Amino acid sequence: WRLAAVLVNLRTWLVLVVEFEECACAFFQLVAQKGYSMARIYIAGAGGAPANNFIRSLRESKRRDYLIGASCVPADLFLAGVDERHAIPAARDGRYRDRLLALVKKTKPDFIHAQHDFEVQAISNLRDELSALGVRSFLPRKETVDACVDKFLSYKRWKSAGIRVPETFMLDKPEDLSIAFSK
């Protein structure tokens with residue numbers, strides 16, 4: 001069972017990676033088609049390891065993009081090799097939406113990139129508002145993002161698709177643990 005769950009999880013993540021890669025490639029193709037020599041790219045989580053790897057990759061390329069870094073950990077911003085730095089609330093903070101939209105209006109990025117699950121989900125939920133401001137996210141469908149962030153939703157989708165997965169329970173209160181172990 002464990003191996004089956006790992007393989008199913010790996011397959012799901014590979015599909016997600018391919019979907020994300022296709023979205024990112026679409027952005028860079030669009031930039032090339034429009035003849036931009038430089039794009040303004042908003043990078044969420046700047047200063048953290050995943051975002052810094054993305055930043056380094058852009059910096060090592062022949063592209064000369066203008067990078068706008070934002071993080072909910074202000075100290076991390078010192079580690080980010082970006083052109084502009086901004087502190088922003090965490091993606092699950094009630095102030096995130098308004099602060100992100102205000103920051104996007106101010107900095108005018110062409111593209112927004114996030115890697116942390118909660119930020120990807122928050123940006124996915126704001127895709128229409130971001131698009132109205134001229135910012136592209138190139139994220140997979142909202143349903144795909146939600147299924148990857150919510151592990152219980154992933155479980156339910158796999159099970160309904162007939163994929164053998166270990167029985168999984170949502171634990172909302174301490175009594176649920178006793179019920180799960182009794183099954």
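Here, the structure is the one placed above.
What counts and how
- In this numbering scheme, every chain counts its residues from 1 along its sequence in written order.
- Thresholds applied to this predicted model are a pLDDT of at least 70 for local features of residues and 80 or more for the giving and counting of side-chain atom pairs; totals over whole chains, interfaces and linings are not thresholded and use all residues.
- Each side-chain value is worked out from all heavy atoms of the structure, with water and hydrogens disregarded.
- Per the convention used, a helix needs a DSSP run of H or I reaching at least four residues, while a strand needs a run of E reaching at least two, with both numbered from the N terminus.
- A 1.4 Å probe rolled over the protein chains alone gives each residue an accessible area, and that area as a share of the maximum for its type sets the label: buried under 20%, exposed over 50%, partly exposed in between.
- By the convention used here, residues are in contact when the closest approach between their heavy atoms is within 4.5 Å.
- To be clear on the numbers: accessible area is Shrake-Rupley with a 1.4 Å probe, and residue cover counts the displayed protein chains and nothing else.
- Salt bridges, as used here, are contacts in which a Lys or Arg side-chain nitrogen is within 4 Å of a carboxyl oxygen on Asp or Glu.
- What the arc covers is the set of directions going from the helix axis to the C-beta atoms.
- Polar contact is the term for a pair of N or O atoms within 3.5 Å; when the atoms are in protein, one must be able to donate a hydrogen and the other to accept it, and sequence-neighboring residues count only if both atoms are side-chain atoms.
- At least two DSSP bridges between two strands are required for those strands to pair.
- What makes a nonpolar core is a set of buried Ala, Val, Leu, Ile, Met, Phe, Trp, Tyr and Cys residues whose side-chain atoms join them at distances within 4.5 Å.
- With its strands directed away from the observer, a crossover is right-handed exactly when the path from the first strand over the helix to the second travels clockwise.

Participant: So what's going on with the overall build of the protein chain? Which residues, and what values?
Facilitator: The secondary structure content of the protein chain amounts to 8 helices and 4 strands. Considering the protein chain as a whole, with its 183 residues, one finds that 39% of them fall into the buried category. Sequence separation of 24 or more characterises 56% of the internal contacts of the protein chain that already satisfy a separation of 6 or more. In the structure as shown, the protein chain presents an accessible area of about 11100 Å², 58% of it carried by carbon and sulfur atoms.

Participant: If you had to explain the pattern of salt bridges to someone new, which residues and values would you point to?
Facilitator: Between side chains of opposite charge, a pair can form when the charged atoms approach closely. According to the stated counting rule, one finds 9 salt bridges in the structure shown. In this structure, R63 and D65 form a salt bridge, with 2.7 Å as the shortest nitrogen-oxygen distance. With a closest N to O distance of 2.5 Å, K142 and D146 form a salt bridge. Of this pair, K142 and D146 both sit in helix α6 (residues 142-149), 4 residues apart, which is roughly one turn of that helix. Overlapping salt bridges bring together R97, D98 and E129 as one network.

Participant: Can you break down helix α7 (residues 151-160) residue by residue, with the values?
Facilitator: Note on helix geometry: an α-helix contains 3.6 residues per turn, so any two residues three or four positions apart are oriented the same way. Those residues of α7 lying buried are F152, S154, Y155 and W158. Considered in projection along α7, the buried side chains sweep an arc of 155 degrees and stay on one side of the axis. Of the residues that open α7, the one with a side-chain oxygen 3.0 Å from the backbone nitrogen of F152 is D150. Following α7 by one or two positions, G162 adopts a phi angle in the positive range, close to 85 degrees.

Participant: Before we move on, can you summarise the pairing of strand β3 (residues 84-87) with the specific residues and values?
Facilitator: Burial along β3 is one-sided: the face carrying E84 and H86 is buried and the face carrying R85 and A87 is not. Note: strand β2 (residues 66-71) against β3, 4 bridges, orientation parallel. Bridge assignment links A70 to a residue of β3, and that residue is H86.

Participant: How would you explain the nonpolar core if you had to name every residue and give the values?
Facilitator: Y42, I88, Y96, L100, I112, I123 and L130 are the most contacted members of the largest nonpolar core, which totals 22 residues. At the level of secondary structure, the elements contributing two or more residues to this core comprise β1 (40-44), β2, α3 (96-107), α4 (117-125) and α6. With 5 residues, the single largest contributor to this core is α3. Other than its neighbours up to four places away in sequence, I88 contacts Y42, A70, S71, C72, Y96, R99, L100 and L103. Judged by nonpolar contacts, the second largest core, of 14 residues, contains A39, I55, L77 and A80.

Participant: Give me the lowdown on the pairing of β1, citing residues and values where you can.
Facilitator: Regular strands have side chains that alternate between both faces of the sheet. With 4 of 5 residues buried, β1 is to be regarded as a mostly interior element. Note: β1 against β2, 5 bridges, orientation parallel. Residue pairing across strands places I41 opposite L67, the latter belonging to β2. With helix α2 (residues 49-60) bridging β1 and its parallel neighbour β2, the resulting β-α-β unit is right-handed. Where β1 meets strand β4 (residues 111-113), 3 bridges bridge the pair, whose relative direction is parallel. Bridge pairing in β4 links I43 to H113.

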